[in-house]
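The chain contents come next:
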Amino acid sequence: MGKNNKLLYKMILTALFSALSFVGVYIKIQLPAGMIHLGNFICVIASLLCGGLIGGISGSLGMGLADIAYYGGFSAGVVRTLILKFMMGMIIGYSFRFLLKRKWNLKVLNIGLTIIFSIAFALAVTGCALGGIDVSQKHIDIHYTVPIFLGLVVVLFILVLLFDRKLNRISKVALTAVALGILFNMFGEIYIKALLYYWIESKYTSFDAAYLYALSSLPSVAITAGLTCILSAIIFYPLYNATKGYLKYDDISEE
């Protein structure tokens, strides 16, 4: 395949997955604050099958356009989506291919990440219970949402470990990469979202107000993250097998 044909091929894949991401946002369950949708799942699949760049652009464009339609124009919510979905796709696509080339024991890696975040969760809970912690003669307050976020991360990696024994290696690598990308997206949906809303939206005159608004979507973010992780574990490998004959992957191979 020539250079021009490869570029056209990638553009077609990007357009296809962008459209699917757009549609995926509208396959949803609306909650009082936020919604559970399949847009992230399409971004994840595109990143695993086609690479981080195609997956990131597809998720960013597809879900970004869905947000423009939802908000009725360009807004802080659109900027958030463009940044978060692009980065999520890039993290998943590139970490998947990076880990696939290594002979690392993924179960040990995931157990290590679970332990690290569990310790951080325990420290955050303790800090909240004590009203904060003292570091180098300075008092640091810990907001109650920090242990909630870390608790969700622990649950995410426990979910990855539960699927570990039932998956082949390529699926295990994919699920670990998905967990890393979803972790970034969860962080962004709370903290980066609050920052962007404070900077861009004139109705939020303080960071605390923007932060409280971002926190209101925490349940939908957590459920969407878990659903994306589960669907990826179940659906990715069958899709990989079904498409490898004509997508001609040159960067994914069985180990």
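These figures come from a predicted structure and were not determined experimentally. (Residues numbered from 1 in each chain as written. Predicted model: local features only at pLDDT ≥ 70, side-chain atom pairs only at ≥ 80, totals over all residues. Heavy atoms only, no water.)

**A look at the packing of helix α3 (residues 52-71) against helix α4 (residues 76-100)**
Then, number 1: Between α3 and α4, the shortest axis-to-axis distance is 7 Å and the interhelical angle comes to 160 degrees. Regarding the angle of α3 to α4, the classification is roughly antiparallel. Handedness of the α3/α4 crossing: right-handed. Judged by residue contacts, Gly52, Leu53, Gly55, Gly56, Ile57, Gly59, Ser60, Met63, Gly64, Asp67, Ile68 and Tyr71 of α3 engage Gly77, Val78, Arg80, Thr81, Leu82, Lys85, Phe86, Gly89, Met90, Gly93 and Tyr94 from α4. (Axes fitted to C-alpha atoms, helices over the stretch in contact; angles between N-to-C directions. Helix = DSSP H or I, 4+ residues; strand = E, 2+ residues; numbered from the N terminus. Parallel < 35°, antiparallel > 145°, perpendicular 65-115°, else oblique. Left-handed = near helix turned anticlockwise from the far one by under 90°. Contact = heavy atoms within 4.5 Å.)

**Considerations on the side chain of Arg80**
Then, number 1: Position of Arg80 relative to the elements: it lies in helix α4.
Then, number 2: By relative accessible area, Arg80 is classed as buried at 9%.
Then, number 3: Excluding residues within four positions of it along the chain, Arg80 makes contact with Asp67, Tyr71, Glu189, Lys193, Leu196 and Tyr197. (Buried < 20%, exposed > 50% of the residue type's maximum accessible area, 1.4 Å probe, protein only.)

**As for helix α5 (residues 106-129)**
Think of an α-helix as turning once every 3.6 residues; residues three or four places apart then point the same way.
Then, number 1: For α5, with 24 residues, the first-to-last C-alpha span of 34 Å sits near the 34 Å given by 1.5 Å per residue.
Then, number 2: The complete set of buried residues in α5 reads Leu106, Asn110, Leu113, Thr114, Phe117, Ala124 and Gly127.
Then, number 3: N-capping of α5 is provided by Asn105, with a side-chain oxygen placed 3.0 Å from the backbone N of Lys107. (Expected span 1.5 Å × (residues − 1). Polar contact = N/O pair within 3.5 Å; in protein donor to acceptor, adjacent residues only side chain to side chain.)

**Quick notes on the pattern of salt bridges**
Then, number 1: Inspection of the entire model under this criterion finds four salt bridges.
Then, number 2: Arg80 is the salt-bridge partner of Glu189, the closest N and O atoms lying 3.9 Å from each other. Taken together, the residues Glu189 in helix α7 (residues 169-200) and Arg80 in helix α4 connect sequence positions 109 residues apart. No difference in accessibility class separates Glu189 from Arg80, as the two residues are buried. (Salt bridge = Lys/Arg side-chain N within 4 Å of Asp/Glu carboxyl O.)

**Let's talk about the packing of α5 against α7**
Then, number 1: Closest axis-to-axis distance for the α5/α7 pair is 10 Å, and the angle between their directions is 25 degrees. As the angle between them shows, α5 and α7 are arranged roughly parallel. Handedness of the α5/α7 crossing: left-handed. Contact residues: Leu106, Leu109, Asn110, Leu113 and Phe117 in α5; Arg169, Lys172, Val173, Thr176, Leu180 and Leu183 in α7.
Then, number 2: The class makeup of the residues in the contact of α5 with α7 is seven nonpolar, two polar and two charged. (Nonpolar A, V, L, I, M, F, W, Y, C, P; charged D, E, K, R; others polar.)

**Some points on the packing of aromatic side chains**
Then, number 1: One pass over the structure, following the stated rule, counts 15 aromatic pairs.
Then, number 2: Note on Phe149 and Phe187: the rings are 6.1 Å apart at their centroids and 65 degrees apart in plane angle, and the pair reads as edge-to-face. Of the two residues, Phe149 is situated in helix α6 (residues 145-164) and Phe187 in helix α7; the sequence distance between them amounts to 38 residues.
Then, number 3: Among the aromatic side chains, those forming a connected cluster through ring pairs are Phe149, Phe187, Tyr191, Tyr198, Phe207 and Tyr211.
Then, number 4: Of note, Lys193 hangs over the ring of Tyr197, and the distance from its end group to the ring centre comes to 5.9 Å. (Phe/Tyr/Trp six-rings, centres within 6.5 Å; stacked < 30°, edge-to-face > 60°. Lys NZ or Arg CZ within 6 Å of the ring centre and 35° of its normal.)

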